[in-house]
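Remarks on the overall topology
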Amino acid sequence: MEDPFGHRISYLRVSITDRCNERCRYCMPEEEQTWFAKEDTLSYEELLRIVRVGAGLGIRKVRVTGGEPLVRPGVADFCAQLAEIPGIEDIGISTNGTLLAKEENGVPMAERLVKAGVRTANISLDSLDRATYQRTTSRDLLPRVIEGIDAAIAAGFQSIKLNCVLMKHQTERELPALIDFAAKRNVLLRFIELMPVSTQDVLSEDNFLPIATAKKLIEQTHGKLVPQPDFSTNGPALYHLVPATGQRIGFIGAMTNLHFCESCNKLRLTCDGKLRPCLGSYLEFDLRSVIRSGCDDAELAAFFRNVVARKPKEHDFRHNYQPNRRMIAIGG
Ligand code: SAM
Ligand code: SF4
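Residues numbered from 1 in each chain as written. Chains lettered and ligands numbered in written order. Predicted model: local features only at pLDDT ≥ 70, side-chain atom pairs only at ≥ 80, totals over all residues. Heavy atoms only, no water.

1. Concerning the overall build of the protein
If you tally the helices and strands in the protein, you get 9 helices and 14 strands. When its C-alpha atoms are laid out on the principal axes, the protein stretches across 60 × 50 × 40 Å. Out of the 332 residues belonging to the protein, those deemed buried represent 56%. For the protein, the computed accessible surface area is about 14,200 Å², with 50% contributed by carbon and sulfur atoms. Looking at charge distribution, the protein has the averaged site of its 43 positive side-chain charges lying 2 Å from that of its 42 negative ones. (Helix = DSSP H or I, 4+ residues; strand = E, 2+ residues; numbered from the N terminus. Buried < 20%, exposed > 50% of the residue type's maximum accessible area, 1.4 Å probe, protein only. Areas by Shrake-Rupley, 256 points an atom, 1.4 Å probe, with all protein chains shown as cover. Lys, Arg positive; Asp, Glu negative; His and termini not counted. Charge placed at Lys NZ, Arg CZ, Asp CG, Glu CD.)

2. Some remarks on the pairing of strand 11 (residues 248-252)
With 4 of its 5 residues buried, strand 11 lies for the most part within the structure. Bridging between strand 10 (residues 238-241) and strand 11 involves 4 bridges; their strand directions are antiparallel. Within the sheet, the bridge partner assigned to Y239 lies in strand 11 and is G250. Following strand 10, the chain reverses through 6 residues before pairing antiparallel with strand 11; G246 in that reversal takes a positive phi of roughly 80°. (Pairing = 2+ DSSP bridges.)

3. A word on the environment of H259
Locating H259 in the fold gives a position in the loop between strand 11 and strand 12 (266-269). As a C-alpha pair, H259 and N234 span 25 residues in sequence and 15 Å in three-dimensional space.

4. Thoughts on the sheet that holds strand 3 (residues 90-95)
Here 12 strands make up an open sheet; going across it, the order is 9-10-11-8-7-6-3-2-1-12-13-14 and the pairing mixed. Pairing within the sheet leaves two strands with one partner each, and these edge strands are strand 9 (226-227) and strand 14 (285-286). In terms of strand pairing, strand 12 meets strand 13 (residues 274-276) through 2 bridges, oriented antiparallel. Counterpart to R268 in the pairing with strand 13 is R276.

5. Considering the nonpolar core
Core analysis: the biggest nonpolar cluster contains 79 residues, and L113 and F191 have the highest contact counts within it. Tallying contributions element by element places helix 1 (residues 44-56) first for this core, with 7 residues. Those residues in contact with L113 that lie beyond four places of it in its chain are L70, A76, C79, I93, L100, V118 and F157. Counting 20 residues, the second-largest nonpolar core is a separate cluster that includes V165, L188, M195 and M255. (Core = buried A, V, L, I, M, F, W, Y, C linked by side-chain atoms within 4.5 Å. Contact = heavy atoms within 4.5 Å.)

6. Considerations on the packing of aromatic side chains
Counting across every chain of the model gives 3 aromatic pairs. Taken together, a centroid distance of 4.6 Å and an interplanar angle of 20° make the contact between Y44 and F78 stacked. Of this pair, Y44 sits in helix 1 while F78 sits in helix 2 (residues 75-83), and the two are 34 residues apart along the sequence. Assigned by exposure class, Y44 and F78 land together as buried. A cation over an aromatic ring shows up here: R72 above the ring of Y44, its NZ or CZ 4.0 Å from the ring centre. Lying across the ring of F231, R248 places its NZ or CZ 3.9 Å from the centre. (Phe/Tyr/Trp six-rings, centres within 6.5 Å; stacked < 30°, edge-to-face > 60°. Lys NZ or Arg CZ within 6 Å of the ring centre and 35° of its normal.)

7. Some remarks on the site of ligand 1
Near ligand 1 you find 18 residues, and of these Y26, G67, E68, S124 and M195 are the closest. In the environment of ligand 1, an oxygen atom lies 3.2 Å from a nitrogen or oxygen atom belonging to the backbone of T95. Between a nitrogen atom of ligand 1 and a main-chain N or O atom of M195, the distance comes to 2.9 Å. When contributions to the shell around ligand 1 are tallied by element, the ones reaching two or more residues are strand 3 and strand 7 (159-166). Along the lines of polarity and charge, the residues of the shell around ligand 1 split into 7 nonpolar, 9 polar and 2 charged. (Near = heavy atom within 4 Å. Polar contact = N/O pair within 3.5 Å; in protein donor to acceptor, adjacent residues only side chain to side chain. Nonpolar A, V, L, I, M, F, W, Y, C, P; charged D, E, K, R; others polar.)

Written out as structure tokens, the structure is:
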């Protein structure tokens, strides 16, 4: 599928729940807790059917996300069924890491996911300081996250990425420790600019830390960063080599990188069945009512194509964007 601006769509982010065991300040502030009713959330059967139709149209990569996807029972079996869909070549999971080490019948979740065919794990890690981690996520779960990261490494994912959302007055002092932690474990670390995707006050002058500033700070402790234009991980991150450690780190600058949307290859499916052509746009299309109306696969395919035809040229975040959905209800 190709949109009118030449974006070739091969990647579907599938949110399987809006629930989460953490409350990150920038995603789901504590006071807001209205969940979708169970019957409004797509069943695994519905999700699998949608992915099957998408695969027929060129979707090759699926990332399972949420909310926190690992809080939904049956997630590993769901991933195993995704892996069996013809055309799906790559399955990833985005997680806060708190449940990756949790065992069921003696097998950690991370290992079950790898056995199910999940290739990549993106794990959120905003801080290595326990108090700061707790302040950011409203949960004192840093030790469990570190256990989860180590369980993921032991389980043998083909790629593990740690994602840190840049927050002014916080991340500045965390940068060296995060870089050294990732280097020691030989995993990729990425810094993500804060986006206006939660409540209206999440993004302000007072908490936005641009990538350019983060880079300057990193260079003070780790030497001049060397751009790696030929290295990519199928997303908008721009990678740099850290001379002091020899590792690569990535920067995802939705707000300050003016070329951010040029290589976009994604659609997003929310857990309540809205197909969204862009994270930073109000557009969303109600696939749930179509799939529940008893339509056939040809109608579902036509729905997909229509959504791709409406994909905007670029996101709207830089135009005083006021979110209509919290990140937790979209799927990052
Ligand atoms: N619960 C999982 C996790 O935390 O990784 C998966 C879902 S979470 C919504 C996906 C990603 O979105 C995380 O890396 C999170 O840090 C990021 N995210 C959430 N709100 C954001 C915001 N306002 N700006 C930038 N990134 C955000
Ligand atoms: Fe939960 Fe992830 Fe959102 Fe944090 S970023 S509240 S862990 S969904």
